[in-house]
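Chains, contacts and geometry: an overview
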Amino acid sequence: MYSLLKGLHDYLTRKDEYSVVIIGLDNVGGSTALEKIKTLYNPTPGLPPDRIGPTIGQNIGKISLPSTTLHFFDLGGQRDIRSIWPKYYDECHAVVFVLDASDQARLSETWEVFDEVIHSPRLLHLPLLLLANKQDKASSLSVAEIRESFDAWQRSRPRTGGSRAVAGLDGEAQAERMASLDVMGVSALEGTGIREAVNWLYIRVQNSRQA
Ligand SMILES: Nc1nc2c(ncn2[C@@H]2O[C@H](COP(=O)(O)OP(=O)(O)OP(=O)(O)O)[C@@H](O)[C@H]2O)c(=O)[nH]1
Ligand SMILES: [Mg+2]
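Let me sum up the structure you'll find in this document.

Rules and cut-offs
- Residues numbered from 1 in each chain as written.
- Chains lettered and ligands numbered in written order.
- Predicted model: local features only at pLDDT ≥ 70, side-chain atom pairs only at ≥ 80, totals over all residues.
- Heavy atoms only, no water.
- Salt bridge = Lys/Arg side-chain N within 4 Å of Asp/Glu carboxyl O.
- Helix = DSSP H or I, 4+ residues; strand = E, 2+ residues; numbered from the N terminus.
- Buried < 20%, exposed > 50% of the residue type's maximum accessible area, 1.4 Å probe, protein only.
- Donors = N, O, S within 2.8 Å, 3.2 Å for Na, K, Ca; no water.
- Near = heavy atom within 4 Å.
- Polar contact = N/O pair within 3.5 Å; in protein donor to acceptor, adjacent residues only side chain to side chain.
- Areas by Shrake-Rupley, 256 points an atom, 1.4 Å probe, with all protein chains shown as cover.
- Nonpolar A, V, L, I, M, F, W, Y, C, P; charged D, E, K, R; others polar.

With that settled, the discussion passes to the pattern of salt bridges. What the rule picks out here adds up to ten salt bridges. Between D26 and R82 there is a salt bridge, and its shortest N-O distance comes to 3.6 Å. In this pair, D26 is assigned in the loop between strand 1 (16-23) and helix 2 (30-41) and R82 in the loop between strand 3 (68-75) and helix 3 (86-89), connecting sequence segments 56 residues apart. Residues E109 and R82 are paired through a salt bridge, measuring 3.1 Å at the closest nitrogen-oxygen approach. Placement of the pair is E109 in helix 4 (residues 107-118) and R82 in the loop between strand 3 and helix 3, with a sequence separation of 27 residues. As far as the burial class goes, E109 and R82 line up, both buried. When salt bridges that share partners are traced, they join D26, R79, R82, R106 and E109 into one network.

Taken together, the protein ligands of the magnesium ion (ligand 2) are S31 (OG) and T55 (OG1), with distances of 2.0 Å. Of the two residues, S31 sits in helix 2 while T55 sits in the loop between helix 2 and strand 2 (58-65), which places them 24 residues apart along the sequence. By the burial criterion, S31 is buried, and T55 matches it.

What follows deals with the site of ligand 1. Neighbouring residues of ligand 1: 20 residues in total, closest S31, T32, T55, G77 and D136. Within the backbone of N27, a nitrogen or oxygen atom sits 2.9 Å from an oxygen atom of ligand 1. Between ligand 1 and K134, the relevant distance is 3.0 Å, taken from an oxygen atom to a side-chain nitrogen or oxygen of the residue. Alone, ligand 1 offers 650 Å² of accessible surface; in the complex the protein occludes 83% of this. In terms of residue count, the dominant contributor to the shell around ligand 1 is helix 2 (three residues). Its residues assigned to classes, the shell around ligand 1 shows six nonpolar, ten polar and four charged.

Right, here's the structure in full:
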């Protein structure tokens, strides 16, 4: 009887587990976003912004949502550390790419790195959310301006021809990737848009598992 009831209890309280990686260039606010997520969703708050340093390696965080647990892996964005990102791609269910919308000087570098991420075959069919962070700053580009910037960058870059084919993606797969790409404006510092981003992830990871 006990095992029957325990089985029923386990079934009713079962949670699906999903892993989300948070990546982006250094200093864009990935860790600030993760700590804000912890503060908004967990009884124990995350670190305040003044106690967050550059990430060497990874920070982890976990939040509990109805019948779902999201595990976050916030990875360091410094150039030398970016090579660890792909090691997480196999195990993750969604990707959050954070950019600093107020740092126009680094947009070109951002798009180069982002382009590599979105053409990564292991991530091709996973939900991918682009967060245009630091919307609290007056100098920040809006979501529409960020989209335009990426489109303009894509149009302007030299056609390398074979390089994408080597990655194994055909035109249709690329078109699907671009169509499913979502961009949201957030302020990790103030928390604006963070719940919307988590809701997006919550819905998309469940949908992609069912697909
Ligand atoms: N104004 C403003 N500043 C922010 C925001 N998010 C982060 N910052 C600041 O940006 C700086 C970098 O934030 P981090 O969260 O450490 O950036 P990161 O992307 O984790 O950087 P790495 O760990 O080096 O990859 C800090 O000074 C943050 O306080 C934001 O939404 N608005
Ligand atoms: Mg960090």
